[in-house]
Amino acid sequence: EISPAGVGIKTLDKAGVLHRTKTVDKGKRLRKKHWSASWTVLEGGILTFFKDSKASAAGGLRQPPKLSTPEYTVDLRGASLSWAPKDKSSRKNVLELRSRDGSEYLIQHDSEAIISTWHKAIGEGIQELSAD
Ligand code: I3P
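Residues numbered from 1 in each chain as written. Predicted model: local features only at pLDDT ≥ 70, side-chain atom pairs only at ≥ 80, totals over all residues. Heavy atoms only, no water.

*Asks:* Describe the overall build of the chain, listing the residues and the values that go with them.
*Replies:* In terms of helices and strands, the chain carries two helices and eight strands. The order of helices and strands in the chain, counted from the N terminus, is β-β-β-β-α-β-β-β-β-α. Counting all 132 residues of the chain, 39% fall into the buried class. Long-range contacts, defined here as pairs at least 24 residues apart, represent 49% of the contacts in the chain between residues at least 6 apart. (Helix = DSSP H or I, 4+ residues; strand = E, 2+ residues; numbered from the N terminus. Buried < 20%, exposed > 50% of the residue type's maximum accessible area, 1.4 Å probe, protein only. Contact = heavy atoms within 4.5 Å.)

In structure tokens form, the structure reads like this:
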């Protein structure tokens, strides 16, 4: 978002608790999947997954994310997002996010409504960055 002064403003696009797991690290497929429920923030073209915490999983929007530290930050510039093919997970409502540096993440929520809002928000974030 650009202010009248032409200065980019970092805006909070979306935050909430999602299940996520990293499957590829810079082109290297990880051997094991570790799903975590974690606080997730989309802000300024960056998606940040905070460390797994029972508090963040239970607290929803009322839990301040200050209490945990970021585990993964994904630059959405040059990233791509799609629904994960069925062979990637036995779970329902799974999104696959690929970053430009060749890492991959699965993102999941049992609620189709909730995952759909993330699909839209992350997709729009990727679109906005590609327009620069
Ligand atoms: C994995 C774990 C994951 C599962 C994965 C299992 O077992 O159950 O949740 O992924 O399936 O291998 P473990 O805990 O022993 O590592 P999904 O929940 O996404 O299906 P996979 O081998 O088919 O990836």
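*Asks:* Describe in detail the site of the ligand, supporting the description with residues and values.
*Replies:* Around the ligand sit K32, K33, W35, S89, S90 and R91, and that is every residue in its neighbourhood. W35 is positioned such that a nitrogen or oxygen atom in its side chain is 2.8 Å from an oxygen atom of the ligand. The side chain of S89 places a nitrogen or oxygen atom 2.5 Å from an oxygen atom of the ligand. When the ligand sits alone it has 500 Å² of accessible area, and the protein chains cover 47% of it. Broken down by class, the residue content of the shell around the ligand amounts to one nonpolar, two polar and three charged. (Near = heavy atom within 4 Å. Polar contact = N/O pair within 3.5 Å; in protein donor to acceptor, adjacent residues only side chain to side chain. Areas by Shrake-Rupley, 256 points an atom, 1.4 Å probe, with all protein chains shown as cover. Nonpolar A, V, L, I, M, F, W, Y, C, P; charged D, E, K, R; others polar.)

*Asks:* Outline the pairing of strand 7 (residues 94-98), supporting the account with residue identities and numerical values.
*Replies:* Of all five residues that make up strand 7, four are buried, and the element is covered over most of its length. Strand direction decides the pairing type here: strand 6 (residues 80-83) and strand 7, joined by four bridges, are antiparallel. Residue L81 lies in a different strand from strand 7, and its bridge partner there is L97. Hairpin connection of strand 7 to strand 8 (residues 104-108): five residues between the antiparallel strands, including G102 at a positive phi of 85°. (Pairing = 2+ DSSP bridges.)

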